[in-house]
Amino acid sequence: MVRLQKFLADCGIASRRGAETLIKAGRVKVNGETVREMGVKVDEYSDIVEFDGKQVKPQTKMVYIMLNKPVGYVTTVSDDKDRDTVMDLVADVPVRIYPVGRLDYDTEGLLLMTNDGDLTYRITHPKNNVQKTYEAEVTGNIGMDTLTQLRQGVMVDGVRTSRAKVEVIGATRLGTKVKITIHEGRNRQVRKMFEAVGCSVKRLKRTEEAGLKLGHTPLGRWRKLTESEVNMLKKIGTGKKSSAEMSKQVFGKNTKNKHR
Ligand code: URA
């Protein structure tokens, strides 16, 4: 028996969290009955599970891609405000895939997408400290004091952020271009970190995640991950050397912030 949301993720319908939303919305039936509550378990061999009226079955072929998400797309499988979603950009992928985590509507760059529910869970679980790198164009100058503050942690929504790797990589017409690597995934975290030091983010682009680099994938286009990239991701959360381990090298042994 498996939890219904895990079963839906294994079928490539949505991530486990996304599946919870679909269940709450009444779009999932088990043996003909709509299920809205969490915690229901299904027998993957005998129960009949339907999503939007169609029976779903576990997928065997796993697909892993990276999308260069443009600004102006939501990172969900469907949007109640009828905005464009990242699904529109991967409509030519022959199997159903879903986003691994989120990028804000106004953020661009690297977004992983897959139908591998287990891997999605491990990449997005906070305990695995998966690193994400962003290039942020921010207003104003970033001096040494501000850099130190951002590196050591700033208060965001009442909780100090963990240590981050931050460096100035250039100047823009409006201010400064900064490269920032974090391993948390709080809501609008990078924007809020800069707000905390008095700057406003004018452009935000994710360039790396879990050791993968966006590289030259054109804006709005996707590419399949290579076998070695997939193998690297599969080490996350297994105790083998992974990007979580690499994060310890970057952030120091204890990735928890000690300056609270
Ligand atoms: N931080 C943000 O502020 N936005 C994102 O989309 C990702 C990280």
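Residues numbered from 1 in each chain as written. Predicted model: local features only at pLDDT ≥ 70, side-chain atom pairs only at ≥ 80, totals over all residues. Heavy atoms only, no water.

## Observations regarding the side chain of Glu50
Note the cut-off: The way it works is that DSSP assigns letters per residue, a run of H or I at least four long becomes a helix, a run of E at least two long becomes a strand, and they are numbered from the N terminus. Burial here depends on accessible area, computed with a 1.4 Å probe over protein chains only, as a share of the maximum for the residue type. Under 20% is buried, over 50% is exposed, and the range in between is partly exposed. Just so you know, the count uses Lys and Arg for positive and Asp and Glu for negative, and it drops His and the chain ends. Here a salt bridge means any side-chain nitrogen of Lys or Arg lying within 4 Å of a carboxyl oxygen belonging to Asp or Glu. Throughout, a contact is declared for two residues whenever any of their heavy atoms are within 4.5 Å.
In this fold, Glu50 is placed in strand 5 (residues 49–51). Salt bridges are absent for the buried Glu50, whose nearest opposite-charge side chain, Lys29, sits at 5.3 Å. Excluding residues within four positions of it along the chain, Glu50 makes contact with Arg27, Val28, Lys29, Gly32 and Gln55.

## As for the site of the ligand
Quick note on the threshold: Neighbouring residues are identified by heavy atoms, a residue being near a molecule or strand if any of them is within 4 Å of it. Side-chain atoms alone can form a polar contact between residues adjacent in sequence; in general such a contact is a pair of N or O atoms within 3.5 Å, and within protein one must be able to donate a hydrogen while the other accepts it. Computed by Shrake-Rupley with a 1.4 Å probe, the accessible areas treat only the displayed protein chains as cover when residues are assessed. Basically, the charged four are Asp, Glu, Lys and Arg, the nonpolar ten are Ala, Val, Leu, Ile, Met, Phe, Trp, Tyr, Cys and Pro, and anything else, Gly included, counts as polar.
Around the ligand sit Leu103, Asp104, Thr107, Tyr134, Arg188, Gln189, Val190, Arg191 and Leu204, and that is every residue in its neighbourhood. The side chain of Asp104 places a nitrogen or oxygen atom 2.7 Å from a nitrogen atom of the ligand. Within the backbone of Val190, an N or O atom sits 3.1 Å from a nitrogen atom of the ligand. For the ligand, the accessible surface in isolation is 240 Å², of which the surrounding protein chains cover 94%. Grouping the amino acids of the shell around the ligand by side-chain chemistry returns four nonpolar, two polar and three charged.

## Observations concerning helix 6 (residues 189–196)
Those residues of helix 6 that fall on the buried side of the exposure criterion are Gln189, Val190, Arg191, Met193 and Phe194. The secondary structure elements touched by the buried residues of helix 6 are strand 10 (132–139), helix 5 (144–152), strand 11 (155–156), strand 14 (175–182) and strand 15 (201–209). Looking one or two residues beyond helix 6, the residue adopting positive phi is Gly198, at roughly 85 degrees.

## A few points about unusual backbone geometry
In this model, Asn129 sits at a positive phi of 50 degrees, which is unusual for a non-glycine residue. One non-glycine residue, Arg188, lies in the positive phi region at around 50 degrees. Within the secondary structure layout, Arg188 lies in the loop between strand 14 and helix 6. Residue class for Arg188 comes out partly exposed when judged on its relative accessible area of 31%.

## Section: the packing of aromatic side chains
Here the distance between the centres and the angle between the planes together describe a pair of aromatic rings. Selection criterion: Classification of ring pairs rests on two measures: the distance between centres of Phe, Tyr or Trp rings, Trp counted by its six-membered ring, which must be within 6.5 Å, and the angle between planes, read as stacked under 30 degrees, edge-to-face over 60 and tilted in between. The rule for a charge over a ring is simple: NZ of Lys or CZ of Arg within 6 Å of the ring centre, and within 35 degrees of the ring normal.
The full count for this structure, using the stated rule, is zero aromatic pairs. Just above the ring of Tyr121 sits the side chain of Arg16; from NZ or CZ to the centre is 4.1 Å. Its end group placed over the ring of Tyr105, Arg83 keeps NZ or CZ at 5.2 Å from the ring centre.

## A short note on the pairing of strand 10
To be explicit about the condition: Think of it this way: DSSP has to see at least two bridges between two strands before they count as a pair.
Bridge count between strand 10 and strand 14: eight bridges; the pairing is antiparallel. When the bridges of strand 14 are listed, Val138 appears paired with Thr176. Note: strand 10 against strand 15, seven bridges, orientation antiparallel. Within the sheet, the bridge partner assigned to Glu135 lies in strand 15 and is Lys205.

## Examining the domain arrangement of the protein chain
What counts here: By convention here, the domain bounds are inherited from an automatic or database domain assignment.
When cut into domains, the protein chain gives domain 1 (2–55), domain 2 (64–126 + 213–243) and domain 3 (132–209). If you average the C-alpha positions of domain 1 and of domain 3, the two centres end up 38 Å apart.

## A few points about the pairing of strand 15
Relative to strand 15, strand 9 (residues 108–114) runs parallel, the two being bridged by two bridges. When the sheet's bridge partners are listed, Glu108 is paired in strand 15 with Lys205.

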